[in-house]
Amino acid sequence: MLNIALFGPPGAGKGTQSERLIKEYNLFYISTGDLLRKELAEGTPLGEQAREIIASGGLVSDEIIVQIIEKTIAENTQANGFLFDGFPRTTIQAYILEGLMIKLNTSLTCLIDLNVPESVSIERLVNRGKSSGRSDDNEEVIRNRLREYKDKTLPVLQFYKDKGVRHKVDASQSIEDVHHDVLEIIRQEQNKRLFNIVIFGHPGSGRGSQGKAIAEKFGLEYVATGPMLEEEIKEGTELGARIEALYASGELVPDEIVVPLIEKRLKNAENVRGFIFKGFPRTLVQSYILEGLLRKHDASISKVIEIEVPTLELIRRLDERSKTDRCMPYDSSTAKIVKRLQEHEEKTVPVIEKYNQLHEVSKVDGMAEFDVVFQRIVDIIEPREL
Ligand code: AMP
C-alpha cells in the first residue's frame with residue numbers, strides 16, 4: 001500500500017495536489033475537512049457537534065475525527081493506498097493514524113509538508129473565499145485557522161521527523177513544480193521500501209516457475225520454502241540433519257524450523273528491492289508469522305497474486321511432470337498428487353480468502369503459454385508499484 005499524508009497550513013495547496021496524486025496512484029482520498037462538511041450538509045449529530053467549531057476556525061475534537069475517519073477507512077480496506085489531506089492535525093491524531101495503519105497491516109509511506117509563508121496562505125484563502133462558498137474562507141476565520149495550525153498542528157511534524165518519513169516541499173512554487181517535487185519524494189520513498197509479493201496457486205499452476213521469472217525481472221529475491229530446506233540438508237548443518245530425519249519419517253517440517261530460515265533470508269538480504277514468497281504462507285498460522293516477520297523489517301505485503309488453473313488441467317500437468325526429469329519427489333504418484341491438491345484446498349485456500357479480505361488478491365488466469373501468463377503477472381505489478 002502507498003499511504004501519503006499531505007501536511008501544511010490552510011491554503012498550502014493540499015487539495016489541489018491531492019487531485020492528481022489520487023488519479024496517478026489510484027489512492028483513496030480522505031480529507032477530514034470534506035468528510036466534516038458532508039456530515040454538516042447531511043445534518044448528522046456529528047456534523048452538528050462540529051458546526052460551530054468549523055465556523056470559528058478551530059479544530060474539531062479528536063473524538064469526532066477518529067469516528068469519521070475510522071468509518072471511511074473500514075469501508076475502503078481494498079484501496080491501493082490512502083491519501084490523507086488535513087489529517088493528522090494534532091499529535092493525538094498522529095497516534096490514531098499509527099493505529100489505523102497497523103490495523104490494515106501497513107504504515108504511512110511518507111508525510112509531505114507543503115511549506116508556504118503565512119502571507120501566501122492568507123492571500124490564497126481570501127481569493128478562494130470569493131468562489132468557494134466556504135464560510136471559513138474569510139480573513140478573520142483564516143487567521144484563527146492559521147493560529148490553530150501553529151499551536152496544534154505544527155508540533156505534529158516532530159513525530160514524523162523522528163520516524164524519518166517527513167519531507168518538505170516549497171509550496172509557494174507553481175502547482176506544476178510542487179507536483180513535480182511531490183512525485184520525486186514518493187518515487188524515492190517507494191524505492192526505499194521493500195516490495196513484497198506472495199504468489200499463490202495450486203501445485204501445478206506454474207507459481208514456482210512464474211515466481212522465479214518475476215523475481216528476476218523485478219530484482220526481487222525468490223523465497224521458496226522447499227528449496228531452502230533442501231539447501232540446509234545439502235550444507236550439512238545441524239538443522240539440515242533434523243530436516244532430513246523429518247523427511248525420512250514422512251513428517252511435515254514444523255514452523256519452528258521454517259520460520260528461522262525465512263527470518264535469516266530477510267535479515268541477510270541487502271540491496272534487495274523486495275521478496276517474492278512461494279509456498280509460504282501455506283497455513284493461516286504462517287500468514288500471521290509472515291506479517292510479523294515483515295513488520296520487524298518495517299515492511300509489509302505489497303501484492304498478493306493467485307494463478308488460477310482448473311483442477312483437471314492441474315492433474316494433467318502434474319501427471320505429465322511426473323514422467324519427466326522435472327518430477328519432484330512429491331508428484332511421483334497419483335495418490336501423492338491428490339494429497340497435495342487436497343492439502344492446498346484445506347489449508348491454503350483459507351489463507352487466500354484472508355488476503356482477499358485484507359488486500360486485493362490479484363487473480364491471474366493461468367490457462368495459457370508460460371510467456372502469456374508471465375505477461376499477465378507483469379501487467380499487474382508494473383503499472384504503479386515498481
Ligand atoms: P480543511 O478543509 O482541511 O481546511 O478543514 C476545514 C475545517 O474542518 C478545519 O478548520 C477544522 O475546523 C476542521 N477539520 C478538518 N480536519 C480536521 C482534523 N483532522 N482535526 C480537527 N479538525 C479538522
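Because the structure is predicted, anything quoted here is derived from the model rather than measured.

Novice: Explanation requested: the overall build of the protein chain in the structure shown.
Specialist: When its secondary structure is counted, the protein chain shows 17 helices and ten strands. Counting all 386 residues of the protein chain, 33% fall into the buried class.

Novice: Would you take a moment to explain the packing of helix α2 (residues 32–42) against helix α4 (residues 62–74) for this structure?
Specialist: Think of two packed helices as two axes; the pair is described by the angle between the axes and how far apart they sit. For the pair α2 and α4, interaxial distance at closest approach is 10 Å and the crossing angle is 100 degrees. Put simply, α2 runs roughly perpendicular to α4. Here Thr32, Leu35, Leu36 and Glu39 of α2 come into contact with α4, specifically with Ile65, Ile68, Ile69 and Thr72. Tallied by class, the residues present in the contact of α2 with α4 amount to five nonpolar, two polar and one charged.

Novice: Is there a simple way to think about the nonpolar core in this case?
Specialist: Soluble globular proteins: nonpolar side chains tend toward being buried together. Judged by nonpolar contacts, the single largest core of 40 residues is most densely connected at Ile4, Ala5, Leu6, Leu83, Ile112 and Leu114. Ignoring any residue separated from it by four or fewer positions in sequence, one finds Leu83 in contact with Ile4, Leu6, Ser18, Leu21, Ile22, Leu27, Tyr29 and Ile30. In this structure, Ile197, Ile301, Val364 and Ile381 belong to the second largest nonpolar core, which totals 29 residues.

Novice: How should I be thinking about the domain arrangement of the protein chain in this particular structure?
Specialist: Splitting the protein chain by domain gives domain 1 (4–192) and domain 2 (195–385). Taking only C-alpha atoms into account, the centre of domain 1 sits 40 Å from that of domain 2. Listed per partner, the contact involves seven residues of domain 1 and five residues of domain 2.

Novice: I'm lost on the sheet that holds strand β2 (residues 28–31) in this one. Help?
Specialist: Two modes of strand pairing occur in sheets, parallel and antiparallel, and in both the strands are linked by backbone hydrogen bonds. With parallel pairing, five strands are arranged side by side in an open sheet as β2-β3-β1-β4-β5. The open sheet has two edge strands, β2 and β5 (166–170), and neither has a second partner. Strand-to-strand twist of the sheet, defined as the mean angle between neighbouring strand axes without regard to direction, takes the value 20 degrees. By the bridge criterion, three bridges tie strand β1 (residues 4–7) to strand β3 (residues 82–85) in an arrangement that is parallel. From the neighbouring strand, Ala5 faces β3, where its bridge partner is Phe84.

Rules and cut-offs
- Residues numbered from 1 in each chain as written.
- Predicted model: local features only at pLDDT ≥ 70, side-chain atom pairs only at ≥ 80, totals over all residues.
- Helix = DSSP H or I, 4+ residues; strand = E, 2+ residues; numbered from the N terminus.
- Buried ≥ 20, exposed ≤ 12 C-beta atoms within 10 Å, placed from the backbone.
- Axes fitted to C-alpha atoms, helices over the stretch in contact; angles between N-to-C directions.
- Parallel < 35°, antiparallel > 145°, perpendicular 65-115°, else oblique.
- Contact = placed C-beta atoms within 7 Å.
- Nonpolar A, V, L, I, M, F, W, Y, C, P; charged D, E, K, R; others polar.
- Core = buried A, V, L, I, M, F, W, Y, C linked by C-beta atoms within 7 Å.
- Domains from an automatic or database assignment.
- Pairing = 2+ DSSP bridges.

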